[in-house]
Amino acid sequence: MNFIIFVISILIVSGFIGGALAQSIPQLPSQEFSQKEIDEMRHKAVLLTTNEGTMMIEVYPEDAPNHVHNFLTLVDSGYYDGVIFHRIIPGFMIQTGDPNTKDLTTDRSTWGSGGPGYQMEQEFNFLKHERGIVSMARQSHPDTAGSQFFIVHRQSSFLDGQYTAFGKLVPLGNSHKTLDRIAAVETDRNDAPIDPSEAIILEAKVIGYSGFSTPNRNESIVERVDNPSGTVSVYK
């Protein structure tokens, strides 16, 4: 049975998610990163080249260090070269990162079920799922992200705190225009592109970056709670 990785449970076809996959795929242990390592990741960005244009993604390792590290590692390995934005919902998001989409002769029903052979613990954070935010797709269990990610087309605040956001499109250049072009690609009844060439990542590469922006965070939903060890911030 194929377990399709979707962005949000209300859009999942009943029966395609469950505990079996979570039990059969190894869990990637979370790592602790030094401030130096965080800073090194912060000075990197990812450039996606498609037939519709380019998109540059800046990353936020201070919010999701393990997901950023995983993303950069996969990009460096060439993992994303040739994958398709296999799920396109204009006004919501475009989703990619499934290696099953590299071979266009394979059954399209497998699109959305592929991954890197491991899954990761969630790193939910305060980043708002506004236009251009890059976030990890997963199954119903929060600790099932792997390689599939989505780029928010229009603000989707109902995803905040439920999916691990780890980057954002750099607003300069053609990033948002390319996002709009891919979101406008004609799709079938499963939201997959009818012509995959219009939604293919030709190349993904890591580049140096220093144009840091400050993303919007949901600081308003942080509650200060006193406990025996002191006062802490709690995400609600």
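Here's a quick rundown of the structure. (Residues numbered from 1 in each chain as written. Predicted model: local features only at pLDDT ≥ 70, side-chain atom pairs only at ≥ 80, totals over all residues. Heavy atoms only, no water.)

**Notes on unusual backbone geometry**
In step 1: In this model, Asp191 sits at a positive phi of 70 degrees, which is unusual for a non-glycine residue.
In step 2: By the element assignment, Asp191 lies in the loop between helix H4 (175-183) and strand E10 (201-208). (Helix = DSSP H or I, 4+ residues; strand = E, 2+ residues; numbered from the N terminus.)

**Regarding the sheet that holds strand E3 (residues 53-59)**
In step 1: Across the sheet, eight strands lie side by side as E4-E5-E8-E7-E9-E3-E2-E10; this open sheet has antiparallel pairing. At either margin of the open sheet sits one strand with a lone partner, and together these are strand E4 (87-89) and E10. Taken pair by pair, the neighbouring strands of this sheet meet at an average axis angle of 25 degrees, ignoring direction.
In step 2: As paired strands, strand E5 (residues 93-96) and strand E8 (residues 149-152) are joined by four bridges and run antiparallel to one another. Residue pairing in the sheet places Thr96 in a bridge with Phe149 of E8.
In step 3: This element, H4, spans strand E2 (44-50), E3, E4, E5, E8 and strand E9 (165-169) of the sheet and lies at about 115 degrees to E3. (Pairing = 2+ DSSP bridges. Axes fitted to C-alpha atoms, helices over the stretch in contact; angles between N-to-C directions. Contact = heavy atoms within 4.5 Å.)

**Some points on the packing of aromatic side chains**
In step 1: Per the counting criterion, the structure on display carries seven aromatic pairs.
In step 2: With a centroid separation of 5.3 Å and an interplanar angle of 75 degrees, the aromatic rings of Phe71 and Phe149 are classed as edge-to-face. Of this pair, Phe71 sits in helix H3 (residues 65-76) while Phe149 sits in strand E8, and the two are 78 residues apart along the sequence. In this structure, Phe71 and Phe149 share a single accessibility class: buried. (Phe/Tyr/Trp six-rings, centres within 6.5 Å; stacked < 30°, edge-to-face > 60°. Buried < 20%, exposed > 50% of the residue type's maximum accessible area, 1.4 Å probe, protein only.)

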